Each structure stands twice: as C-alpha cells, then as structure tokens.
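# Results of the structural survey
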Amino acid sequence: MMGETDQLSGSQARGTASFGTPFPGVPRGGRSALARGRPVPVASAWGPRRNEAVQCVVPFLTRPKVPVLQLDSGNYLFSTSAICRYFFLLSGWEQDDLTNQWLEWEATELQPALSTALYCLVVQGKKGEDVLGPVRRALMHIDHSLSRRSSPFLAGETESLADIVLWGALYPLLQDPSYLPEELGALHSWFQTLSSQEPCQRAAETVLKRQGVLALRPYLQKQPQPSSLEGRVVSNEPEEEELATLSEEEIAVAVAAWEKGLESLPPLRPQQNPVLPVAGERNVLITSALPYVNNVPHLGNIIGCVLSADVFARYSRLRQWNTLYLCGTDEYGTATETKALEEGLTPQEICDKYHIIHADIYRWFNISFDFFGRTTTPQQTKITQDIFQRLLARGFVLQDTVEQLRCERCARFLADRFVEGVCPFCGYEEARGDQCDKCGKLINAVELKKPQCKVCRSCPVVRSSRHLFLDLPKLGARVEEWLERTLPGSDWTPNARFITRSWLRDGLKPRCITRDLKWGTPVPLEGFEDKVFYVWFDATIGYLSITANYTDQWEKWWKNPEQVNLYQFMAKDNVPFHGIVFPSSALGAEDNYTLVSHLIATEYLNYEDGKFSKSRGVGVFGDMAQDTGIPADIWRFYLLYIRPEGQDSAFSWTDMLFKNNSELLNNLGNFINRAGMFVSKFFGGFVPEMVLTSDDQRLLTHVTLELQHYHQLLEKVRIRDALRSILTISRHGNQYIQVNEPWKRIRGGEADRQRAGTVTGLAVNIAALLSVMLQPYMPTVSATIQAQLQLPRPACSILPTSFLCTLPAGHQIGTVSPLFQKLENDQIESLKQRFSGGQLEESLALKAKASPRTAAGPTAAGPQQVQALTEEVAKQGDTVRELKAQKADESRIAAEVARLLDLKKQLALAEGKPLGAPKGKKRK
C-alpha cells in the first residue's frame, strides 16, 4: 500500500473504482480541503440541492478525478486508502504493522482480484462462479484470518483502518448475498457488522445511489479488460516496458563487468574449522528455531525454520560473508516426558531416537548446518544456570506460589502440555495448557475450562506449588531501549515487529521459569531442588550451548554484539520468546550477550484445505517425503515458492505438479538444457566466440539488473521473491533463444553461423549464472548444472553482483542431460490420497519398527506399561458401564467413552498392534 506521502502532487491512484468510505461529510466521489486540521467541503461533486454532477477538476489535471482530498498545503491525495489513513492519523490513530500488512494486501492482492470480478459482473454481464472465482481465494483468506484470530475485526477488537478500507472495496460485490459464500462464516459476520453501521450505510448510498453495483458501470467500461488471475500461464516473454527502460550508462557498466569475466571475482575465503568471527569482516550467525525432539517435523516446520535459514546461510557463503549456521533438537521438557510415556521409553531414549530421525530428515533435505546439536548436554546446564544465577544476583528473579493442576490418578503436578481443555478466550476445545493453537493466546493451565490430563483423561484438581519467576516488568525498559536501537534499519519481519510490540503495549508480566518435572535443567537454588527450568527459559539458551559444543570459543560469537550479526529464523508463534523473553534474560544477566539483529518469522503453512496432523495421518512429514520418489530439491523449490512470508499459505499437490511442470521443466530446465545442448551439438562441446550486438548487450544488462534485484531481496531475507528473479532470468533466456533461432542460423552463411555462436555462448553463460543463483534453493540441481558445464570452481563458490562471462570462448563443457522429470496426474493423485490419511498405519508400522525395544518383536512398550494400561482400560470400562446403568447425562457418557477409546488406542500401540483392526479378525 502506498502511503499518503506517496500519493501527493497529482500522482494517479491505482486499483479499481473508488467505493464508499464511511467518513461523514467526505464521501468518496467528493472533494474536500483540510483547513486548520478539519475537513471542510470546498466544492461537492454533487450539487448541494440536487443530484447534478459538478465538474470539479484539480488544477493540474485535464479531467475530473475522484476521489480526491485537497490538503491545506495545496497537495492532493487520490488513493482511497491514503485518504482513509490520513483521517485516521488525524484522529490520533497510531500505525501498527498488522494494519499496514492488510493495506498492502488490499492493494496488491484484493484489488486486482476485485477488478476482474467486477468487470465480469458489470461489463460482461457474467454471473455465478465466473464472478466469484477470481475473488474466492481472497475472500477465504479474510475469513481464515478472522477465524484464526477469533476477533470480530481484522486488527483486533475494534474497527480499524484496515476494516474500513477492505469493507469499502468489497461492498459493491458482497452487497449481493449470492457472492458472499455461506461457509465463510467469519467473513459474513464481519461484513454484516460493518454494513449495519450508519456511516457505512451513508457512504454506500452516496456512491452507489441505490443503483447497486451498476452505478460503477460508467467507470468500469472505460477500463481495459483485466487479465484473469486464475489460470495465469507462465510466459517466456520478457516484459516490453522493462526492455525500454535501460539507459546507455547501465548498458555500458554491464558490458564492462561482463568483459572482465572471472578475473573480477574476489579470492575465495579460506575455510575455518571451527568458524569464528573475524575482525573487519561481516560475521553472520544464523540459527533456526530448535525443533522439539519428540516428534517428526512436517513440511510447515521445515519451511518455517531450517529450510528458510538454510537458503540464507547458503546465500551468505556465496557472498563470502563469514557465516556460521547452527541448530539442534530441543530435548528437555514436558513434551519429551509425554512422548516417553506414550512409547514406553525413558526420556533419554526418546531423545536419542528422535535426534537421529531429525538429523536424517534434514540431511535428506540438504540442510547445510555447520553443526546440528542437542540441548541435553552439560554445557546447556552450565550456561543456563550461570545466566540464572546472574539474574538472581541482580534482583530479576521472583518467588511466588502458583496454583497448578495436579492429577491425583497419575500422582503428579501436570505441566502445561499434559493438560488439554477448552480455551477461556475463544472456546477452542483442544487448547493446550500453555497456549491455544486457534487464537494464539498464552494460557495458564488453571484457566482452562473442562481440563483433562492428557495421560489418563481424568479431571485434575488445583493445588499450590512454589515457583520462580523472571521479573519481566523490571526488565521492560531495557528491552524497549534495545528494540529502539535495533529495529530501525533491521530486517525484522512485519509480524515479528507487531508481535513484539503487542507484548510491550499490553504490559509485560512476571513469567514463571520453573516446572515440577524431572526431565530438564536442574534449578541451582535451595528449596527448588525438585524442580527444573521451564523449557521456554532455557530452550533459547540452547543456541549458546550448541555453539559451546561446536567450539570452546563460543563466547566469540555469543558475547560479541559489536562484530556479530545474528539472524534467527522461526515461525511466528516463537517470536515472543526470541523477541522478548531471551533478550530480557540476556540483558538482565549483564554479560554482553549477542542479541538478535534480524528476527525472521514466517506465517503458517497449511496442508491443502486443513492442518497437518500426524495422529490423523494428514499431510507430508519429513520422514515420508523421501518415500514419494520426488527428489529433495523439488520439495525445496516448491516449499520456498509458497513460503508463507506475508500471510498463511497452503501446500497443494495440484499446484506442486503445476509449478514443477511449468516453472522447472518447461521454463528453467528447458532453457538450461537447450543452452548446453546447442554447445554440444553445434560446436563440439566448446563455447563459441561471442560478438555482442546491441540487442545482446541489452539482454546482458537486463540479466545484471535482475541479478542485482535478487541480491537486494535476499539481503532483506525476502526468500520467496528472490526465487522469482531466477525464473525471470530463465524466461529472458528462453525468449532470447526463441527469437534468434540458433538451430536455423547454424545452417546458414558465415554471418548466421557467427550469430548462432554468439547466441549459444551468451545463453550458456546465463545458464552458468543461474546455476549459482540456484545454489541456495536447489543445491543438488545447482551442482549438477555446474558439473555439466564444467564451471570453474571460483565461479561456483562466489555470486557476483554483475553478470560475468564465466565460460569464455574455447571452454569445454561436459555431458548435458535433462534436469527435471514431469510429474504425472495419476502419480500426484495417488500421493494426494495417500497423504490424506492413508499413511497413518504406515507411520505406526515405521514407529514400531524404529523403536529401540522392538528387537524381539513388534512390542512398542514394556510389560509393566502394558499391564498398567490394561488395568486403566478395565477401570474406565467399569466407569462407562456404571454411568450407563445410572442413565447419566449423555454428554458425560460420551466424554467417558472417548477416554475409554483413547486408552484402548494407547494399549494397542503399547502391544504393537495396528490401530483399527477388529479383535479376532484378520486384516485384509
């Protein structure tokens, strides 16, 4: 969204027709001025006593333009969003990142979709899905966002600028109920709430004048027919307006860089082991959120953390930055104890088992960690306890009695993740004891309605326990001061900024840092020997301890904020702990710790139309991706192509097929293969002489500018957008080959053969450049291209900022072969069915097979656990029978039956039996 300052001095508004805005006295379609801070009508576009159009033309325009707001400075605002923003700012509204994200989305995503829908409806007279189709995805996005936040409006509990702008844009279409799908309940409620307000009603009446959407016909008929958003084909043609904007200076600079070739590359950095900061260099420390050891990561986990960080780490190394990339498994805490209980193993055995699984998955996905560690180490204990002792000595630790849930049947206090219940904020029925997955709010377990112990499903009771708290309010001023220094000029993502600011705005509260558990870092304080540190106090310290296990000089990275740039990658639910909790601990410890410079958070990746679920067998998990027969680099490409940067996105098998076959096979793979094959077939495998024409120089410059754009995007960690630059260059290359037809010219006269050589030589050099640009995204494909082209080692390891001739005339290439395979519809349909729930039994079988205790057979648990579960099943069965005999309330009976079934599933797993097999019957 362009801000109001961008719209001054007569710049034309972008987007579709201007729809009603609910500001009394300033209807869209009118003209106002601002005098002494108040909007004062100067000349209404409609006569004061009759509905007659009055031609009010801004002085420097030649025709009427609405809406327009004249400012007392003599400047004008033409964008409806900018006008709305201006009035909100006058009313004292403080800008926030979430509203700005919505406004940008409205301008770049919603308005183009609405243009198509309204043009189809009003100008072409189409109805039904022809109108709804182009805008359906945008409507679903709004509905999903409202549902997930569980708030009535887009940015919170009250109307915001975002609500007004989006309502005004949508009203002409959605006023017809047939274009407001009933299944989008949250969107329906939001739209009706705003439409019922008097200012909104007045605005709609002013603009549409009781004609409904037909009032927009005169405007829309003057507009060019919008290109459809649906089914947009991938074009190999570069945009003409881009080609026309090159200056002679840009061309001269690009040609000069090209001619210098490999000699202009800097020397390769000597490799260090271990990698340590170097004074005077750019030292980049990269971490990805530590995955819980107790489960197998799904595609959303992989793209949200390790894969995104890997792209940036590989890019940093190509830039010759001194780079260290670390990660590891987060192994302490409730989740591990729960998993150990489920599988009949000790917590240590669970950690050992799943650490290997995680490492194998990331190795298959080509994640280039410099070190992949774990948190169950002596270094973790030492560093965590040191930070705690320093906080305690400086008065930043409090003691208090906490009411906790205790399960009498299990005879222990229940940590947060051992409890499930109804969220007190949004009513979600499967909220955890620490956080609700639906509304995202943090919860104290005792606040849950209808709490249940996740182990035995009994109802816990409230008991008191003494705990330690981090005094966040006392540290708040230090955190705010640090953020004021850090955020300006940094590359924190908008959602990370917004979440961090919301925590500060709502007021920091003391946060409990201990738990009544056995599996964790011990608390070194008298009276607390039976407790451990809460995982969210010491998990982020895991980055430090993992580095300490990599090198005993770890403090050169973590106590060196002057020389180290720290990039941390995560999903947005981890932001509070990296943006508030750990910085508070580090600042309070007063030991010169390195704090995050750039906090990179993604939104969520969903699976098709729902969520990933290991228990239901829905979605692709890391241990199964390699069994699909689809190479790891194809998974990497597609996940990065749909990376949820500004909003949630969804994995789709159909879309994956389309992107593979169009972007990789037909665009990128087709160009690189053709360029190499022409060298082999027409020139005996040797790069021919190149005599550049002015058209060649323009293409060369075009490629250089796109390469520089790629650098700009990746330096800002806009990973998904930078991938588009690679595909754009490939499309330029395809079009260049297609226009010049070297396969025909090679059979012509001397001039034609020379032209064929120039086109082939330039094309194969573009292919060489693409191989390096691809390295962060598709490392195996990148290495394959470089091997086929026999690219010199310096050119493989350094990505310059200009397009260089790295394959000069006379360079011999290797054997060229296709890079990608077509994905077939029946193949993808089979995988889609398999991962819609069909792999659940496969997962259970793999789990039984992988368990350390299954050497003698399929049993997944020891005899003691089997016996205990058998007794629990019998006891719960008696409970159900008694309730039925007493004719108790049906809802209570249903709840107890559900507990019984859950216990039976646990028993079946413990006995190594597949779920769902009827007793006494063989599975077919």
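We now turn to the structure provided with this report. (Residues numbered from 1 in each chain as written. Predicted model: local features only at pLDDT ≥ 70, side-chain atom pairs only at ≥ 80, totals over all residues. Heavy atoms only, no water.)

### A few points about the packing of aromatic side chains
Heads up, the condition is: Only Phe, Tyr and Trp rings are paired, with Trp represented by its six-membered ring, and only when their centres lie within 6.5 Å; those with planes under 30 degrees apart are stacked, over 60 edge-to-face, the remainder tilted. Here a strand is any run of E in DSSP of at least two residues, a helix any run of H or I of at least four, and the numbering for each starts at the N terminus. For every residue, the accessible area obtained with a 1.4 Å probe (protein chains only) is divided by the maximum for its type, and the residue is called buried under 20%, exposed over 50%, and partly exposed between those limits. The rule is short: NZ of Lys or CZ of Arg within 6 Å of the ring centre and within 35 degrees of the ring normal puts a charge over the ring.
Scanning the entire structure with this criterion turns up 30 aromatic pairs. Ring geometry for W635 and W653: centres 5.7 Å apart, planes at 80 degrees, overall edge-to-face. Of this pair, W635 sits in helix α21 (residues 632–641) while W653 sits in helix α22 (residues 653–683), placing them 18 residues apart in sequence. You'll find W635 and W653 in the same group, each marked buried. Between F651 and W653, the aromatic rings sit 5.1 Å apart at their centres with planes inclined by 90 degrees, giving edge-to-face as the arrangement. Both residues of the pair, F651 and W653, count as buried. Through a chain of ring-to-ring contacts, the aromatic side chains of F312, Y315, W321, Y567, F569 and Y710 assemble into a single cluster. The cationic tip of R406 hangs over the ring face of F413; the distance from NZ or CZ to the ring centre is 5.5 Å. Seen from the ring of Y534, R515 lies directly overhead, with NZ or CZ sitting 3.8 Å from the centre.

### Looking at the pairing of strand β6 (residues 322–329)
On any regular strand, side chains alternate: one points to one face of the sheet, the next to the other face. We count it as follows: DSSP calls a pair of strands paired once it identifies at least 2 bridges connecting them.
Of all 8 residues in β6, 8 are buried; the element is thus mostly enclosed. The alternating pattern of β6 places N322, L324, L326 and G328 on one face and T323, Y325, C327 and T329 on the opposite face, and all of these are buried. Where strand β5 (residues 283–288) lies against β6, 5 bridges are found, and the strand directions are parallel. Opposite V284, over in β6, you have T323 as the bridge partner. Bridge count between β6 and strand β7 (residues 371–374): 4 bridges; the pairing is parallel. The partner of T329 across the bridge, within β7, is R374.

### Notes on the packing of helix α9 (residues 248–260) against helix α23 (residues 694–715)
Each pair of packed helices can be described by the angle between their axes along with the distance between the axes. Where we set the bar: Axes here refer to lines fitted to C-alpha atoms; in helices the fit is confined to the stretch in contact. Angles between the N-to-C directions go from 0 to 180 degrees. Roughly parallel means an angle under 35 degrees; roughly antiparallel, over 145; roughly perpendicular, 65 to 115; everything else is oblique. By definition in these notes, contact holds between two residues if any of their heavy atoms fall within 4.5 Å. Put simply, Ala, Val, Leu, Ile, Met, Phe, Trp, Tyr, Cys and Pro go in the nonpolar bin, Asp, Glu, Lys and Arg in the charged bin, and everything else, Gly too, in the polar bin.
Axis separation between α9 and α23 bottoms out at 9 Å; the angle between their running directions is 85 degrees. Between α9 and α23, the angle falls in the class roughly perpendicular. Packed against α9, whose contacting residues are E250, I251, A254, V255 and W258, the element α23 presents Q697, R698, L700, T701, T704 and L705 at the interface. A per-class count over the contact of α9 with α23 returns 6 nonpolar, 3 polar and 2 charged.

### Points about the sheet that holds strand β10 (residues 419–422)
Pairing is antiparallel across the open sheet formed by 3 strands, whose spatial order is β11-β10-β12. A single partner strand is all that each edge strand has here, and the edge strands are β11 (431–432) and β12 (449–453). For β10 and β12, the ladder comprises 3 bridges, and the chain directions are antiparallel. Each bridged residue has a counterpart across the sheet, and for E420 the counterpart in β12 is Q452.

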